[in-house]
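Okay, here's what each chain looks like letter by letter:
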Amino acid sequence: MKIIIIGSVAAGTSVAAKARRNTEKEAIVVYDKGKDISYSVCGIPYFIGREVSSIDTLTPRNAAWFQKRYNVTIHTEHHVLKIHPEKQTIDVLNLRTGVIFEDSYDELVIATGAQPIIPETFRTYPHAQNVFHVRNIQDATNIDHFIRQKKPRKALIVGAGFIGMEMAEQLKQIGIAVTVVQRGNQVMKHLDQDMAFRVQKELEKQDVQIKLNTTVEEVYYLDEDNSVLSILDSHGNKYETDMIILATGVSPSTDILDGTGVSIGQTGAISIDETMRTNIPTISAVGDVAESYSLITGQALYRPLGSTANKMGRISGDALTGGTLTHRGILGTGIVRIFDMTVAYTGLTEQEARAAGFEIEVLYNIKPDKADYLGGKEMTIKAIADKKTARILGAQITGTSGVDKRIDVLATAITFKATASDLFHLDLAYAPPFSTTKDPILYTGMALDNAIHDNPLITPAELEKRRASGEVLQIIDTRSKKQFEASAVKGAVHIPLAELRERIDSLDSALPTVTYCNKGVTGNAAQNILKNNGFTMVYNLSGGNKNYQLYLEMQEK
């Protein structure tokens, strides 16, 4: 049997490596139109920002090394032009010689990855020397050379996803002023807006200019310099810039499939089964060109990440050589560092969970990552659970440290269909340098379980929505007088927790009541006192006044 793989980055090389580990009998051939194989796209921003000292560290495996180690034939700088499924052949252009030739296969794997989306206004100037993508090693080399030679002072980043955020951090850290233009109403679209707002605040704290609900409408180009000098945005504002990073996302590289009959899924990526095969039995697809599905809803999901690409490649290589590995879907887990903040997410957002038809409980858990007396830093966990089953559906976290540990625990829990109660009962490692006695994960499980069964929560958004509808709510601030006078929920009555029992007769037990403190714990204690004294509808404000004030700030912007 002869296996041909088109593409040699994360997914393609994983197919070849796993297939060879399973058998020495089959011929394995890899074609790639680039010069480099198995490189780290995710590491490119850190090379640009000089955290990675040499670009060679992003390309640890060259074609010669891989070919010798795995007995795989690799042809770089070879562009596959066309696939002929009926003949099981491909047409290949040798980019070095210009010769076109035909090769045949028994099994074909498409690992062509994704291509950058180019905004319409930039398509007229595809070769401008100061406009860059961040997709491959050549891009990294070009950006680094430009910065060293031209010494730019100002950069414009179009797009506020992973690459846009990482490039904003790295360019700022080497002394370049950064403006980010984002067409949507928030940065990082895979977060809920209120969590994305926390990211925006961190960027602004670091003097990164954020322009939301904004697109580039016009580009001012100087032919003599082969450069874009400035842009005009959708609000009529003009920005001068020395360099531009296009980080507007990617789309699956499926052009090669024209005329093949290979099915494209609803996300625009190639539709595959659990063994990575397409609707044509002899053709498989892996990595950023292939469509996955949600572990929670079963719906099609496209998340072009290196971790998923490697996993898909391994599954395909195993399946092609008689193995039993199958794809189980993904959660879309992601993590990114943005200056002093780490941002992570997994599973469904609040918006996605509601759209999928779940009735949900939403918790904002604001806790230190470790003991305060050892420098614990605050993190915010927004967790989503299904009210019907108590199953954890998703989480988003922002914080300074310890975020990676918590998001991985939550991703594991969601994968195995854990409930809120299951989270509380986890036996997690504890020592003061690493955690609090009641780890933020355990508290998340405890608070969600309480909310689902006994002590309901209310989010700032839901509170304001209900008040806007004309509902009368009794709101009690349980903090100190000093805290109350500094900032409070609109319309709240100040009754410190220590005075609540003696002043309970001043309250109307028939009214829907909201208790709150600064972050949520004391508000929950007040909620219990009122419930135990006959109040039937008592909510604790999730995330307390701190979360509420942040919500108001977001609304004002």
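Reading the values: the criteria
Residue numbers run consecutively from 1 along every chain, following the written order of its sequence. Only residues with pLDDT of at least 70 get local features here, since the model is predicted, and only at 80 or more are side-chain atom pairs given and counted; chain-wide, interface and lining totals rely on the full set of residues. The side-chain figures draw on all heavy atoms in the structure; neither hydrogens nor water molecules are used. Basic side-chain nitrogens of Lys or Arg form a salt bridge, by our definition, when they fall within 4 Å of a carboxyl oxygen of Asp or Glu. Helix and strand definitions follow DSSP, with helices as H or I runs of at least four residues and strands as E runs of at least two, each counted in order from the N terminus. The cut-offs for exposure are 20% and 50% of the maximum accessible area for each residue type, with area from a 1.4 Å probe on protein chains only; residues under the lower value are buried, those over the upper are exposed, and the others partly exposed. Any pair of residues with heavy atoms lying within 4.5 Å of one another is described as a contacting pair. Strands are treated as partners if at least two bridges between them are detected by DSSP. The axes are straight lines fitted to the C-alpha atoms, using for helices just the contacting stretch, and the angles between their N-to-C directions are given from 0 to 180°. To define a nonpolar core, start from buried Ala, Val, Leu, Ile, Met, Phe, Trp, Tyr and Cys residues and group those joined through side-chain atoms within 4.5 Å. Angle categories: roughly parallel below 35 degrees, roughly antiparallel above 145, roughly perpendicular from 65 to 115, and oblique for all the rest. Stacked, tilted and edge-to-face are the three classes applied to pairs of Phe, Tyr and Trp rings, where Trp contributes its six-membered ring and a pair requires centres within 6.5 Å; stacked means planes under 30 degrees apart, edge-to-face means over 60, and tilted covers the rest. A ring is scored as having a charge over it whenever the NZ atom of a lysine or the CZ atom of an arginine sits within 6 Å of its centre and within 35 degrees of its normal.

Here's the deal with the pattern of salt bridges
Here the structure, examined in full by the defined rule, presents 27 salt bridges. Taking the shortest distance from any N to any O, the salt bridge between Asp194 and Lys382 comes out at 3.2 Å. Taken together, the residues span a long stretch of sequence, with Asp194 in helix α6 (residues 193-205) and Lys382 in strand β24 (residues 378-386) at a distance of 188 residues. Here Asp194 and Lys382 have matching classes, each one buried. Note that Lys205 is salt-bridged to Glu202, the shortest N-O span being 3.3 Å. Linking Lys205 with Glu202, this pair stays in helix α6, spanning three residues, or about one helical turn. Note on Lys205: relative accessible area 56%, which makes it exposed. Members of the salt-bridge network, linked through shared partners, are Asp192, Asp194, Glu350, Arg354 and Lys382.

Observations concerning the environment of Gly329
Mapping Gly329 onto the fold places it in the loop between α7 (306-320) and β21 (334-338). In this structure Gly329 comes out as buried when scored by relative accessible area, which is 9%. Beyond its immediate sequence surroundings of up to four residues, Gly329 is in contact with Ser292, Tyr293 and Leu295.

Thoughts on the pairing of β21
Where burial is concerned, the two faces of β21 differ: the one with Gly334, Val336 and Ile338 is buried and the one with Ile335 and Arg337 is not. Pairing geometry for β21 and strand β22 (residues 341-347), over five bridges, is antiparallel. Looking at the pairing, Gly334 lines up with Tyr345 of β22. Remark: two residues form the turn of the hairpin made by β21 and β22, two consecutive strands paired antiparallel; Phe339 in that turn has positive phi of roughly 55°.

Re unusual backbone geometry
Despite not being glycine, Asp207 has its phi angle at roughly 65°, a positive value. Here the phi dihedral of Asn226 falls at roughly 55°; this positive angle occurs in a residue that is not glycine. Residue placement: Asn226 occurs in the loop between β13 (216-222) and β14 (227-233). You can call Asn226 partly exposed: its relative accessible area is 28%.

Here's the deal with the sheet that holds strand β29 (residues 513-516)
Here five strands make up an open sheet; going across it, the order is β26-β30-β29-β27-β28 and the pairing parallel. Each end of this open sheet is capped by a strand with a single partner; those strands are β26 (457-458) and β28 (493-494). Strands in contact with helix α15 (residues 521-532) are β27 (474-477), β29 and β30 (538-541); relative to β30, the strand with the most contacts, it is inclined by about 175°.

What about the nonpolar core?
In this structure, Leu171, Val187, Met188 and Val199 are the most contacted members of the largest nonpolar core, which totals 81 residues. When residues in this core are grouped by element, the largest group, seven residues, is from helix α9 (residues 403-415). Membership of the second largest hydrophobic core comes to 44 residues, among which are Tyr31, Phe66, Ile256 and Met312.

Description of the sheet that holds strand β4 (residues 78-84)
Taken together, three strands build an open sheet; the order of strands is β4-β5-β6 and the sheet is antiparallel. Of all strands in the sheet, those bounded by a partner on one side alone are β4 and β6 (100-104). Strand-to-strand twist in this sheet, taken as the mean axis angle between neighbours without regard to direction, amounts to 30°.

Considerations on the packing of α6 against helix α16 (residues 544-556)
At a minimum axis separation of 10 Å, α6 and α16 run at an interaxial angle of 80°. When the interaxial angle is binned, α6 and α16 end up roughly perpendicular. Packed against α6, whose contacting residues are Gln193, Asp194, Phe197, Arg198 and Lys201, the element α16 presents Asn547, Leu550, Glu553 and Met554 at the interface.

Details of the pairing of strand β25 (residues 392-399)
A large share of β25 lies buried, amounting to eight of its eight residues. Where β24 lies against β25, seven bridges are found, and the strand directions are antiparallel. Bridged to Lys382 within β25 is Gln396. Where β24 folds back onto β25 in an antiparallel hairpin, the turn is made up of five residues, including Ala390, whose phi is positive at roughly 70°.

Thoughts on the packing of aromatic side chains
Any pair of aromatic rings gets described here by the distance separating the centres and the angle formed by the planes. The full count for this structure, using the stated rule, is six aromatic pairs. Ring geometry for Tyr31 versus Phe101: centroids 6.2 Å apart, planes at 50°, classification tilted. On the criterion of sequence distance, the pair formed by Tyr31 in strand β2 (residues 27-32) and Phe101 in strand β6 is long-range, its members being 70 residues apart. Pairing Tyr125 with Tyr221 gives two aromatic rings, centres 4.4 Å apart and planes at 20°, and the pair type is stacked. You can see Tyr125 sitting in the loop between β8 (114-116) and β9 (131-132) and its partner Tyr221 sitting in strand β13, a full 96 residues away along the chain. An aromatic cluster is present here, built from Trp65, Phe66 and Tyr70 joined pairwise through their rings. Positioned above the aromatic ring of Tyr443, the side-chain terminus of Lys367 is 3.8 Å from the ring centre.

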